[in-house]
Amino acid sequence: MAQRVILAIDEGTTNSKVVLVDAGGKIVASGSAPVPITHPQSGWVQQDAEEIWAATSHAIASCLRQAPEVQIVAIGISNQRESILIWDRKTGQPLGPVVTWQCRRTAAACDALRDAGHEAGVIAKTGLPLDPMFPPTKAAWLMQHHGQAAKDICIGTVDSWLIWKLSGGKVHATDCSNAARTQLFNLAKGRWDPELCQLFGVKIDCLPKVCDSSHIFGETFGLSVLGDGIPIASAIGDSHAALFGHGAFASGDGKITFGTGSSVMTTIAQFTPPPQGITTTIAWSIQGQPTFAFEGNILVSAAIFPWTAKLLGLAGVEALLDLAQSVADAGGVSLVPAHVGLGAPHWDSHARGLISGLSFTTQPAHIARAAADSLAHQTADIYDFITEAGSDLGRIFVDGGPSTNPFLMQLVADTLSHAVTPCRNSEASAIGAAHLAGLATGFWPDLGALTALAAHGAPYQPHLPEPLRDPLRRVWREAVARATLHL
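Below: a short report on this structure. Since we're looking at a predicted model, the values are computed, not measured. (Residues numbered from 1 in each chain as written. Predicted model: local features only at pLDDT ≥ 70, side-chain atom pairs only at ≥ 80, totals over all residues. Heavy atoms only, no water.)

A few points about the sheet that holds strand S21 (residues 396-399)
Strand pairing in a sheet takes place through backbone hydrogen bonds and is either antiparallel or parallel in direction. Spatial ordering of the open sheet is given by S17-S18-S16-S15-S21-S22, a layout of six strands whose pairing is mixed. Two strands lie at the open edges of the sheet, namely strand S17 (279-286) and strand S22 (421-422), each paired on one side alone. Of the pairings in the sheet, the one linking strand S16 (residues 262-268) to strand S18 (residues 289-298) comprises seven bridges and is antiparallel in character. Within S18, the residue paired with isoleucine 268 across the bridge is phenylalanine 292. In the packing of helix H8 (residues 238-245) onto the sheet, contacts are made with strand S15 (254-258), S16, S17, S18 and S21, and the angle to S17 comes to roughly 60°. Packed onto the sheet, helix H12 (residues 406-416) meets S15 and S21 and runs at close to 135° relative to S15. (Pairing = 2+ DSSP bridges. Helix = DSSP H or I, 4+ residues; strand = E, 2+ residues; numbered from the N terminus. Contact = heavy atoms within 4.5 Å. Axes fitted to C-alpha atoms, helices over the stretch in contact; angles between N-to-C directions.)

In structure tokens form, the structure reads like this:
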């Protein structure tokens, strides 16, 4: 008898991953494929929608080759957020590139809207500041530069594109978590906001239908890698999916997803407009009930490691981190990875990367350590704002590739002065998408059953005393201040 599983797609910025999850919550097979990224101009970051789909299809096929005797009960999707594309509704052909969350091409448009006094109103409705990371100005740019020829256009985030492709072009839909990141969705009212669409110049009729995160969006149709009729039963932004996969269901529970960038997210009891520097979002929605969260987004996190390794002439990230551990501290050196601007809590799209505190005693190991420290310091910057907003911190979970490195996670715990608990499975986003799909189809009966599946390692406890921690934080803040000087 074939083993019943959930197929979960985790379409990230640089890779599409696919896993099969059994009823015990274990991953029984996996596959992945890289997704190319291009940088046509300084600050511009884009991808090809068909390459995203090709990578996803390849990852599905690779995964299924490892476990041919399975019955796929449902499909769940987690996806890179804030990346936006448009396509022809009739032909299904993409119109222009996928403008990714990292892209800064609409910084001037955001500045103009801010200068015109619109930011406070946008934050009050969406929980998000005016920044080119978010999709509406990018959607308007796509419509202006690539949408003139088509009469009937779909605008969507990457989850919408995958649902469209999986359903054979029958369904144009998204979930509340992804809609909440578009800056066109009114969080308090739970719907697309006509005034926001008018402000940004986005046609509301082109946007997808918004559904719960755990919801049967449609069924597979006409695919070479999957049979017809499999329910597409969840969609959720990758950071939200990781939070759900950890079982962080109590108010105040949070997580840090480390990757190309990083997301810090902590659940809150109800929708609250955010203090300046962080955002409010919908973590997920089940049976029409949204769970809200404070969040801070770091634009360049683990992506600084390969860049620094290359700068220092090292073989790779592993060599960089080995070098970083060879010194007790960074020797007064700070590396601020503002290579595409700074995200939360600074929101400065014009900031640029900086290495400061150099002296004749500085060694390559100090620069390597400063790169490692930047991962922890950026995270602590966000948590400073979350706690100042009055949110009580519960458990903090960590996931993503860097979460498997004990040296880095100890740095994070020490810099936060708070324990952090790693997920035993680094594919937390895929697990979260699988859990939501399983809820929608009855594969798992309720949240209690999912809580029992959560698997975590031993927490990293903070060991750095405040008298040693505080001077390091002060040096970091001074470096950030220099990185945001627009000379």
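Structural notes on the packing of aromatic side chains
Following the criterion strictly, the structure yields 10 aromatic pairs and no others. Judged by centre distance (4.9 Å) and plane angle (85°), the ring pair of phenylalanine 244 and tryptophan 284 falls under edge-to-face. Remark: tryptophan 284 occurs in strand S17 and phenylalanine 244 occurs in helix H8; sequence separation between them is 40 residues. Each of the two residues, phenylalanine 244 as well as tryptophan 284, counts as buried. (Phe/Tyr/Trp six-rings, centres within 6.5 Å; stacked < 30°, edge-to-face > 60°. Buried < 20%, exposed > 50% of the residue type's maximum accessible area, 1.4 Å probe, protein only.)

Remarks on the sheet that holds strand S2 (residues 15-21)
Across the sheet, six strands lie side by side as S3-S2-S1-S5-S14-S13; this open sheet has mixed pairing. Of all strands in the sheet, those bounded by a partner on one side alone are strand S3 (27-34) and strand S13 (214-219). Taken over all neighbouring pairs, the strand axes of this sheet differ in orientation by 25° on average, direction set aside. Where S13 and strand S14 (residues 231-237) come together, three bridges link them in antiparallel fashion. Within S14, the position partnered with glutamate 219 by the bridge is proline 231. Those strands touched by H8 are strand S1 (3-11), strand S5 (70-79) and S14, and its axis lies near 100° from that of S14.

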